[in-house]
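Structural characterization, general
Listed here are the chains, written in short residue letters.
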Amino acid sequence: MTLTLLTWNVNSVRLRVPLLAPLVDAARPDVIALQETKVADGGFPLATFAELGYGHAALNQGARGHGGVAILSRLPIAHVERPTWCDRADGRHVYATLPDGIEVHSLYVPSGGEESDPAANPRFAHKLRFLADVATWFAARKRPRNRFVLMGDLNVAPLESDVWSHRQLLKVVSHTPAEVKALASLQRAHDWIDAVRYFVPADEWLYSWWSYRAADWAASDKGRRLDHVWVTPPLRRRLRAAAVLKDVRGWEPASDHVPVTVTLDA
DNA sequence: ATGGTGGATGCTCCA
């Protein structure tokens, strides 16, 4: 028995409905975490997910037309929470507990705008504060036996091999030293294990996002690994597989992010 | 140095 978890920034869940059945066929996830659903809770395509076998849902809609996160599950979920961060109810976090006690999180970190100076760019300041506040919260909840999975668009590519050019992206929001440091603090806050890099060595390039602005995303291959699955130490020995579903970037109509999966021994 | 695309909304913001 295994438990497969999938995270995907869908960039509008309604537009991605035609891709859901083929994705489920390809990845067979038990739990799906979505970000950037861009839909009010009343408009969420719950029936589509139910038909595919995901009859359990936890939603946190975003501001009108933006943000929004969700968890869809084959298994019952309980204890659903929808934290707000930085005093903004903008639908960036939802979490719930599976029947075996694993707590799964779907998190959408602010992208941070263009300018990489927090004094000049309030969006970047918000991103850094968001990461720091989430880190403080997880540190306060830390218990040695916690079995947590944190999935989502963390909007930071931490390793040199997580971007197409470390040197050229040092001042580009998503790979600046300030963000990488903030993400590292979040990772330390609960001793999170990067479940994808657990299987893919740090000297191998790995991306989960390719800009819409490239004429040919596959040919230029200027990607970044912004989407992550982390687990707490009690789940380490249950890690069985991880995958970044790069092909999905070519499925039309495409999101600019691809799904990432991690499989645990159950 | 610049502009490039896409999504939701409604004549612009966000990523």
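Residues numbered from 1 in each chain as written. Chains lettered and ligands numbered in written order. Predicted model: local features only at pLDDT ≥ 70, side-chain atom pairs only at ≥ 80, totals over all residues. Heavy atoms only, no water.

Concerning the overall build of chain A
To be explicit about the condition: In DSSP terms, a helix is any run of H or I states spanning at least four residues, a strand is any run of E spanning at least two, and both are numbered starting from the N terminus. For this measure, only C-alpha atoms enter the radius of gyration; the expected value for a globule follows 2.2 Å times N^0.38, where N is the number of residues. We call a residue buried when its accessible area falls under 20% of the maximum for its residue type, exposed when it is over 50%, and partly exposed in between, using a 1.4 Å probe and counting protein chains only. The contact criterion used is simple: two residues touch if any of their non-hydrogen atoms lie within 4.5 Å. The Shrake-Rupley method, run with a 1.4 Å probe, gives the accessible areas here. Residue values count only the displayed protein chains as cover. Under the convention used here, Asp and Glu are negative, Lys and Arg are positive, and both His and the chain ends fall outside the count. Lysine's charge is taken at NZ, arginine's at CZ, aspartate's at CG and glutamate's at CD.
Summing up its helical and strand segments, chain A has six helices and 14 strands in all. Scaling as 2.2 N^0.38, a compact globule of 266 residues should have a C-alpha radius of gyration of about 18 Å, and chain A matches this with 17 Å. Taken along the three principal axes of its C-alpha coordinates, chain A extends 45 × 45 × 40 Å. A burial count over chain A gives 53% of its 266 residues as buried. Pairs at least 24 apart in sequence give 68% of the contacts found in chain A among residues at least 6 apart. Summed over its atoms, the accessible surface of chain A is roughly 11800 Å², and 51% of this surface lies on carbon and sulfur atoms. Where the 32 positive side-chain charges of chain A centre and where its 29 negative ones centre are 3 Å apart.

Remarks on the pattern of salt bridges
Here is the rule: Salt bridges, as used here, are contacts in which a Lys or Arg side-chain nitrogen is within 4 Å of a carboxyl oxygen on Asp or Glu.
Tallying each qualifying case throughout the model produces 14 salt bridges. With a shortest N-O distance of 3.9 Å, Arg238 and Asp100 are connected by a salt bridge. Within this pair, whereas Arg238 is found in the loop between strand 12 (227-231) and strand 13 (239-244), its partner Asp100 is found in the loop between strand 6 (93-97) and strand 7 (103-108), the two being separated by 138 residues in sequence. Taking relative accessible area as the criterion, Arg238 reaches 15% and is therefore assigned buried. Its salt-bridge partner being Arg225, residue Asp194 comes within 2.9 Å of it at the nearest N-O pair. Here the residue Asp194 occupies a position in strand 9 (residues 193-194), and Arg225 occupies one in the loop between strand 11 (223-224) and strand 12, the gap between them amounting to 31 residues. Each member of the pair, Asp194 as well as Arg225, is classed as buried. Overlapping salt bridges bring together Asp162, Asp194, Arg197 and Arg225 as one network.

Remarks on the pairing of strand 4 (residues 69-73)
Our working definition: One requirement defines pairing of two strands: DSSP has to find at least two bridges between them.
In terms of burial, strand 4 is largely enclosed, as five of its five residues are buried. Side chains Val69, Ile71 and Ser73 project from strand 4 onto one buried face, and the interleaved Ala70 and Leu72 project onto a second face that is buried too. Sheet topology places strand 2 (residues 31-35) next to strand 4; five bridges connect them, and they run antiparallel. Bridging from a neighbouring strand, Gln35 pairs with Val69 of strand 4.

Examining the sheet that holds strand 14 (residues 260-265)
What counts here: Helix axes are fitted only over the stretch in contact, all axes being lines through C-alpha atoms; the angle between N-to-C directions runs from 0 to 180 degrees.
Here six strands make up an open sheet; going across it, the order is 3-4-2-1-14-13 and the pairing mixed. Edge positions in the open sheet fall to strand 3 (56-60) and strand 13, since each of these has one partner strand only. Shown here is a sheet whose adjacent strand axes are inclined to one another by a mean of 10 degrees, direction ignored. Pairing of strand 3 with strand 4 involves five bridges; the strand directions are antiparallel. Bridge assignment links Ala57 to a residue of strand 4, and that residue is Leu72. Lying on the sheet, helix 1 (residues 17-27) is in contact with strand 1 (2-9) and strand 14; it crosses strand 1 at an angle near 145 degrees.

As for helix 1
Keep this limit in mind: Directions are taken from the helix axis to each C-beta atom, and the arc is the one they span.
For helix 1, every residue scored as buried is listed here: Leu19, Leu20, Leu23, Val24 and Ala27. Seen from one end, helix 1 has its buried residues packed into an arc of 135 degrees, which puts them on one side. In this structure, helix 1 carries Pro18 and Asp25 as exposed residues pointing more than 90 degrees from its buried face. Check the buried side of helix 1 and you find it contacts strand 1, helix 2 (46-51) and strand 14. Positioned one or two residues after helix 1, Arg28 has a phi angle of 50 degrees, which is positive.

Concerning empty space enclosed by the protein
How we decide: Using protein atoms alone on a 1 Å grid, points that fit a 1.4 Å probe yet trap it form a cavity, whereas open point sets bounded by protein on both sides within 12 Å along at least five of seven lines form a pocket; residues with an atom within 4 Å of a point count as lining. Grid points are joined across faces, edges and corners, and a volume is the space filled by probe spheres set on the points. Here the term charged refers only to Asp, Glu, Lys and Arg, the term nonpolar to Ala, Val, Leu, Ile, Met, Phe, Trp, Tyr, Cys and Pro, and the term polar to all other amino acids, Gly among them.
Evaluated as defined, the whole model comprises one cavity of 30 Å³ or more. Computed from the structure, the largest cavity encloses a volume of approximately 30 Å³. For the largest cavity, the full set of lining residues is Trp8, Leu20, Leu23, Val24, Ile32, Leu34, Phe49 and Leu52. For the lining of the largest cavity, the secondary structure elements donating two or more residues are helix 1 and strand 2. Here the lining of the largest cavity takes three residues from helix 1, the largest share from any one element. Looking at the lining of the largest cavity residue by residue, the classes come out as eight nonpolar, no polar and no charged.

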